[in-house]
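# Working through the structure, step by step
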Amino acid sequence: MNMEKVIELVKNVEEEKVKHILTEPKLSAIKAMLEKDHAIDCLLLLHIGRGKWKDAKDFMRDNKLTLSDGTFRARMIEIEALGLAKSERIDPLKKYYMKTELGEKIAKLLLEFFDELGA
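This text gives an overview of the structure that appears in the document. Owing to the predicted nature of the structure, the values given are computational and were not obtained by experimental measurement.

## So, the pattern of salt bridges
For the structure shown, the criterion picks out seven salt bridges. Of the charged contacts, one joins Arg 75 and Glu 78 as a salt bridge, the two residues approaching to 2.7 Å between their closest N and O atoms. Taken as a pair, Arg 75 and Glu 78 lie in helix 5 (residues 69-81) at a separation of three residues, close to a single helical turn. Lys 99 is the salt-bridge partner of Glu 104, the closest N and O atoms lying 3.2 Å from each other. Looking at Lys 99, the relative accessible area reads 32%, which means it is partly exposed. One network of salt bridges, with partners in common, ties together Lys 36, Arg 75 and Glu 78.

Laid out in structure tokens, this is it:
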């Protein structure tokens, strides 16, 4: 097999991977959620056990970062709907979000990704 055919095969494999991510319902839903404002922040906050609004707000404020309660709640609802978190009701208006196994896996992959970029 010549080098051009190998390159073409690799290109086709990569195209199939991209097509799968963009068209498979669960993967495309996760991709769409990750594209939203503060989605990665919220996944990382879940990873470190900051799934309650007050804890998340305090962490962000301590690090001179911003995150509105509306954005936090919206992302957490989406994250939970995708199975990346689960929630427990604290009172009629408040929930505490906890990571699921899949949410933890994604958070760890994100941490590895950013570690690689920072290396």
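## Notes on the nonpolar core
If you look at the biggest cluster of nonpolar residues, it comprises 20 residues, and the most contacted ones within it are Met 33, Leu 43, Leu 67, Phe 72, Met 76, Ile 79 and Leu 84. Counting residues per element, the ones that place at least two in this core are helix 2 (25-34), helix 3 (39-47), helix 4 (53-62), helix 5 and helix 6 (101-118). When residues in this core are grouped by element, the largest group, five residues, is from helix 3.

## Concerning the packing of aromatic side chains
The tally for this structure, following the rule as stated, stands at three aromatic pairs. Measuring from ring centre to ring centre gives 5.4 Å for Trp 53 and Phe 72, while their planes differ by 45°; the resulting arrangement is tilted. Taken together, the residues Trp 53 in helix 4 and Phe 72 in helix 5 connect sequence positions 19 residues apart. Centroid distance Phe 113 to Phe 114: 5.0 Å. Interplanar angle 75°. Geometry classified as edge-to-face. These aromatic residues form a ring-pair network of at least three members: Trp 53, Phe 72 and Tyr 97.

About the cut-offs
- Residues numbered from 1 in each chain as written.
- Predicted model: local features only at pLDDT ≥ 70, side-chain atom pairs only at ≥ 80, totals over all residues.
- Heavy atoms only, no water.
- Salt bridge = Lys/Arg side-chain N within 4 Å of Asp/Glu carboxyl O.
- Helix = DSSP H or I, 4+ residues; strand = E, 2+ residues; numbered from the N terminus.
- Buried < 20%, exposed > 50% of the residue type's maximum accessible area, 1.4 Å probe, protein only.
- Core = buried A, V, L, I, M, F, W, Y, C linked by side-chain atoms within 4.5 Å.
- Phe/Tyr/Trp six-rings, centres within 6.5 Å; stacked < 30°, edge-to-face > 60°.

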